[in-house]
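These are the residues of each chain, in order.
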Amino acid sequence: MNIYFSCSITGGRKDQPVYAAIVQALLEDGHHVPTAILASPRILDMEIVVDPREVYRRDVNWVQACDALITEVSTPSHGVGYEIALALMLEKPVLACYRAGAAVSKMILGNDHPRLKIGMYRDVTEAVILTRDFLRGL
């Protein structure tokens, strides 16, 4: 499947090891992940040189082309919220996963859209399991 992985970039990178584990699992399972670079610890350095208009066009195109959106929402991000809303408007299946204890937006937690699944994890292994279970259910 073509999976758009979404996570916080400028809002904070505390959960970067989880991002990397999720992306690695997706790639190991044979999925295409055009946003795999977002899991890199060097993404801030790479994205700083990209024009905001280009980021917008690129990311919207990737959401439109994906089969599903998988996002880690423990760290607040305007971009991630935008991508979730766009994917749901396009009737794409979305998984929003978050670390236990994280203060997640009520706009996400309270969303009862039938294509949105929300999952909490306690460690990296559980995050990967959530991701794989979500994709198996599609």
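Rules used in this analysis
- Residues numbered from 1 in each chain as written.
- Predicted model: local features only at pLDDT ≥ 70, side-chain atom pairs only at ≥ 80, totals over all residues.
- Heavy atoms only, no water.
- Pairing = 2+ DSSP bridges.
- Helix = DSSP H or I, 4+ residues; strand = E, 2+ residues; numbered from the N terminus.
- Axes fitted to C-alpha atoms, helices over the stretch in contact; angles between N-to-C directions.
- Buried < 20%, exposed > 50% of the residue type's maximum accessible area, 1.4 Å probe, protein only.
- Phe/Tyr/Trp six-rings, centres within 6.5 Å; stacked < 30°, edge-to-face > 60°.

(A) Representation of the sheet that holds strand β1 (residues 3–6) within the structure. Across the sheet, 4 strands lie side by side as β1-β2-β3-β4; this open sheet has parallel pairing. Looking at the sheet topology across the chains shown, the edges are occupied by β1 and β4 (116–121). When strand polarity is set aside, the average angle formed by the axes of neighbouring strands in this sheet is 15°. Two elements, strand β3 (residues 94–99) and β4, share 6 bridges in a ladder whose sense is parallel. Its bridge partner being in β4, A96 is matched across the sheet by I118.

(B) Broad picture of the pairing of strand β2 (residues 68–72). With 5 of 5 residues buried, β2 is to be regarded as a mostly interior element. The side-chain alternation of β2 yields two buried faces, one formed by A68, I70 and E72 and the other by L69 and T71. Two elements, β1 and β2, share 4 bridges in a ladder whose sense is parallel. Residue pairing across strands places Y4 opposite L69, the latter belonging to β2.

(C) How the structure looks around the packing of aromatic side chains. Going through the model one piece at a time under the given rule, you end up with 3 aromatic pairs. Ring centres 6.3 Å apart and planes at 65° place the aromatic pair Y4 and W62 in the edge-to-face group. Note that Y4 is positioned in strand β1 and W62 in helix α3 (residues 52–65), a separation of 58 residues in sequence. Here Y4 falls in the buried class, since its relative accessible area comes to 0%.

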